[in-house]
Each structure stands twice: as structure tokens, then as C-alpha cells.
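Report on the structure
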Amino acid sequence: MPEGHTIHALAARLDRAFAGHAVRASSPQGRFAEGAALLDGQALLGSQAWGKHLFCEFDADRWLHVHLGLIGVFPVVPLPMELHGVEPEQVPVTGAVRLRLLNQTHVADLRGPMTCAVRTPEEVAAVEARLGPDPLRPDADPGTGWDRVRRSRKPVAELLMDQQVLAGVGNVYRCEVLFARRVDPYRPGRELRESTWLSLWQDLVELMPLGVAFGQILTMDDQVADARAEIAAGGVEQYTASLTGERLGERFERRFFVYQRTGEPCRQCGSRVRSAPLAGRTLYWCGRCQRRR
DNA sequence: TAGTGATGGCTAA
DNA sequence: TAGCCCTCACTAC
């Protein structure tokens, strides 16, 4: 279930479990045997995310590059006490594990990724150069995304999903922020005002860190307020650190403005939420609230 | 128990 | 545009 917030949280989890020490790497499935051999025994220096791409820096200028795609998973799990410090082959494997990272206390099994490769620093830079600004990165500049949007005839809902325009935004965030700002999803990028683009960007900058902190996408005003209050009270750091899998411990009820609410009444105006395919995924929107003005 | 669609996106055609 | 990665949650039977 990877939009960008998932990958940022994953990078932090990997670092908490593995960074700073040598890691055992293997490919139980066999499809990444050569790459795993390059990483095996090297120290993990640190992990970072750019949009939906995960980069883990190992010793000797070796970078693990992972993209989960739609169906990939990479849970980081504490080893049961009886398996602490055992040899890698003694830790049971279930299913098709492309890459396993293991140390004395944790195991991380990567399954079903779209991309799993060992890269050079130059190759990592080339991947990052193709990506647009990531609202979760402090160095991100929304202006580079706007340069593409303002010249494009494509619908804004398609541009929001284009990783060269914005890195890390997936189908949930695109539908929800377009609704929140009452933007017609079919409005061509070149007809969008810059102020509208910046308001969409600002919403993402404010909402996506909540996704990282709580492990789920939060967009509804009341849930966002509750999440912010919890962060202000200082209770979230421990909560985040305890997250291991993707769906463990959902703190908030799953609830959105329009996402996956086809045919249900719009929470704002009561008219039916509509849906249609756009850019390869199902777009959800309110035809009345998001009418072009 | 089997089938299906999904919070992606690359490659081949 | 179809295939693919081959997981996971949910639904129909």
C-alpha cells in the first residue's frame, strides 16, 4: 500500500533496526542472489526515501534501490528471542522472499517489489534526477513541479500522479487534496492558477508527515486535528517506533472525503461521489463541489 | 476455496 | 496498451 509516506516510514524503520552495523543479506527466492551477495556482510549506513523509491546506502558505495510497486511489501520484524543470533538459514522463510536483511535482533523480508537492485552513487543520482519534488523532503521545491504543470494540457489529476511532477503522491492523496481544494480533476494543468498549485502542495506538505507518523493516510479535518494534537502532546514518536508491518495498529478509522466512496453522498453537498479511470487508476471526485469555476 | 482489484510503474510491442 | 511483479484484503460461492 505504498504511497510516499509508506516509504519514508519504511526507511526510518530499516534504520532503527539495521543502521550502523553489518547486515546479513540473502535472496531466499533466488532472483536477487547476485545483488544480495554484494550487500551481505556490509554495514548499512543509512536509508532514505524519495517519493516511492527507497535507497539504502551500504559500505563500499553500494546502494540498495527498492520500489515496492503496487503489491510489494517489506515488513521489518523483531526476531523471536529463540532466533536471536542464529545463522541466516535457520530463520524460517515463507513465500517468495526476494531479499532478506537480517541481524541479531531483526529480519526484513522483501516480497513482490517492482524494483530491487544494487546501484552505484551515479545511478542513484540518475534515478533521483528523474523525480519531481517530494513534499516529505525538506529540500523540496514545488516550483520545479509547477514548471511542468503550467505547460501541460493533461488533467491536473493525471499530473498529480506523474512522479516527474510530484514524487510520492498516489491515488488516495491526489483524490483527497483535489477535493479539499475544490479543484476539477479534469482541469488542464495549463489552466491551473499558481496559487491553486501551491495550495495543493501545502496540503500535501502538511498531510503526508501525518501519514508517516501514524502509518495511514489522514485527510479528514477532525482526524487531522486529532493527529496534530497527539503529535503536540508528544505521544507519537513511541507509536511510530512500535510500527513494524504496514497495517499494524491502525490508530484512526479509515475514512476519506471521496476516495473509494463511489455512489455515496458527498460529505459537503450530498450529491453522489463519482468515479472514473484516469492515469491508470480510479479517480474519485464530487462533480458538484469540484465543478470548474 | 477461488477470484478479483488495489495506495505503481516499468518494459515490450 | 498489455503484461508483469505474485501480496493482501475482501467478496462470492
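Quick look at the structure, then. Since the structure is predicted, the reported quantities are computational estimates derived from the model, not experimental observations. (Residues numbered from 1 in each chain as written. Chains lettered and ligands numbered in written order. Predicted model: local features only at pLDDT ≥ 70, side-chain atom pairs only at ≥ 80, totals over all residues. Heavy atoms only, no water.)

On to the pattern of salt bridges, then. Counted according to the given criterion, the structure contains 11 salt bridges. The partner of Asp40 in a salt bridge is Arg24, and the shortest N-O contact between them spans 2.9 Å. Remark: Arg24 occurs in strand E1 (residues 24–26) and Asp40 occurs in the loop between helix H2 (33–39) and strand E2 (44–50); sequence separation between them is 16 residues. Exposure remark for Asp40: the relative accessible area of 30% places this residue in the partly exposed category. The residue Glu253 makes a salt bridge to Arg255 at a minimum N-O spacing of 3.2 Å. Judged by relative accessible area, Glu253 falls into the exposed class, the value being 54%. (Salt bridge = Lys/Arg side-chain N within 4 Å of Asp/Glu carboxyl O. Helix = DSSP H or I, 4+ residues; strand = E, 2+ residues; numbered from the N terminus. Buried < 20%, exposed > 50% of the residue type's maximum accessible area, 1.4 Å probe, protein only.)

The next thing to look at is the nonpolar core. Core analysis: the largest hydrophobic core is formed by 49 residues, its most contacted members being Leu166 and Trp197. Elements with a minimum of two residues in this core: helix H4 (142–149), helix H5 (156–161), helix H6 (171–180), helix H7 (194–214), helix H8 (221–233), strand E9 (273–278) and strand E10 (281–286). Of all the elements, H7 adds the most residues to this core, at 10 residues. Once you skip the residues sitting within four places of it in the chain, Leu166 turns out to touch Gly132, Pro133, Pro135, Leu160, Trp197, Trp201 and Leu204. Within the second largest apolar cluster, 26 residues are counted, among which are Ile7, Leu99, Leu110 and Cys116. (Core = buried A, V, L, I, M, F, W, Y, C linked by side-chain atoms within 4.5 Å. Contact = heavy atoms within 4.5 Å.)

Further remarks concern the protein's contact with DNA strand C. Lining the immediate environment of DNA strand C, one finds nine residues, of which Gln29, Arg31, Ile71, Arg98 and Gly112 sit closest. Sugar plus phosphate: this is where 84% of the atoms of DNA strand C within 4 Å of the protein reside. Measuring from a phosphate oxygen of DNA strand C, one finds a side-chain N or O atom of Gln29 at 2.9 Å. A distance of 3.2 Å is found between a sugar or linking oxygen of DNA strand C and a backbone nitrogen or oxygen belonging to Ile71. (Near = heavy atom within 4 Å. Polar contact = N/O pair within 3.5 Å; in protein donor to acceptor, adjacent residues only side chain to side chain.)

Relative to the elements of secondary structure, Val107 occurs in strand E7 (residues 106–110). Separated by 124 residues in sequence, Val107 and Ile231 place their C-alpha atoms 29 Å apart. Setting aside residues up to four positions removed in sequence, Val107 forms contacts with Phe18, Pro75, Val76, Val77, Leu79, Arg100, Leu101 and Leu102.

In short, geometric facts, not functional conclusions.
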